[in-house]
Amino acid sequence: MTLVAQLTDVHLLDRPVPGRSAISSRVAFLSSYRPLSAEKRVARLREALADARRAKPDRLVLTGDLTEDASPEQWAIVGELLHESGIDPSIVSLVPGNHDAYRGKNAIDEAFA
């Protein structure tokens with residue numbers, strides 16, 4: 001039997017930068033009715049990845065929307081958390097969603113190039 005772990009719709013946000021709002025009006029609109037805490041979203045994904053690692057899946061699938069609006073910073077956080085998780089990259093599949101394509105259909109490829 002193959003064990004698959006799936007995480008979906010994490011909608012990561014840019015981390016706040018002192019002196020600059022990380023939340024644009026576009027992101028505020030896209031995030032309607034959801035809390036806009038970048039660090040809480042990072043913490044939830046970090047915890048979910050730790051749970052997935054403990055389950056020792058044969059395949060980990062992260063399905064969109066991984067980012068809120070596909071900014072390079074949001075993709076960097078996805079990469080950082082996957083690396084930090086210690087999960088073997090060869091078992092990870094990323095399936096982008098519509099939010100992950102807001103900066104073009106190749107945003108994920110450009111971010112991980």
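Here, the structure is the one placed above.
Residues numbered from 1 in each chain as written. Predicted model: local features only at pLDDT ≥ 70, side-chain atom pairs only at ≥ 80, totals over all residues. Heavy atoms only, no water.

1. Some words on the side chain of His11
Quick reminder of the rule: Under the scheme used here, helices are H or I runs from DSSP no shorter than 4 residues and strands are E runs no shorter than 2 residues, and both carry numbers assigned from the N terminus. Whenever two N or O atoms come within 3.5 Å, that pair is a polar contact, provided that in protein one can donate a hydrogen and the other can accept it, and provided that, for residues adjacent in sequence, both atoms are side-chain atoms.
When you line up the elements, His11 lands in the loop between strand E1 (4–8) and helix H1 (25–30). There is a polar contact of 3.3 Å between the side chain of His11 and the side chain of Glu68.

2. Side note on the packing of helix H2 (residues 38–55) against helix H3 (residues 72–85)
This is how it is decided: Inter-axis angles, ranging from 0 to 180 degrees, are taken between N-to-C directions of lines fitted to C-alpha atoms, where helices are fitted over the stretch in contact. The crossing is said to be left-handed when, going from far helix to near helix, the turn is anticlockwise and less than a right angle, and right-handed when the turn is clockwise. Here, residues are in contact when the closest pair of their heavy atoms is within 4.5 Å. Any residue outside Ala, Val, Leu, Ile, Met, Phe, Trp, Tyr, Cys, Pro, Asp, Glu, Lys and Arg is labelled polar, Gly included; the first ten of those are nonpolar and the last four are charged.
In contact at an axis separation of 10 Å, H2 and H3 are set at 35 degrees when each is read in the N-to-C sense. Considering how the two elements wind past one another, H2 and H3 form a crossing that is right-handed. On H3, the residues touching Val42, Leu45, Arg46, Leu49 and Arg53 of H2 are Ile77, Glu80, Leu81, Leu82, Glu84 and Ser85. Residue classes in the contact of H2 with H3 are distributed as 6 nonpolar, 1 polar and 4 charged.

3. A look at the sheet that holds E1
Stated formally: Note: two strands are recorded as paired if DSSP finds a minimum of 2 bridges between them.
One open sheet holds the 3 strands; their spatial order is E1-E2-E3, and the pairing between them is parallel. The sheet terminates laterally at E1 and strand E3 (92–95), the two strands that pair on one side only. With strand direction ignored, the average angle separating the axes of adjacent strands in the sheet is 15 degrees. Note that strand E2 (residues 59–63) and E3 share 4 bridges and pair parallel. Paired with Val61 across the two strands is Ser93, which belongs to E3. Those strands touched by H2 are E1 and E2, and its axis lies near 175 degrees from that of E1.

It is worth stressing that arrangement in space is one thing and function is another; only the former is reported here.
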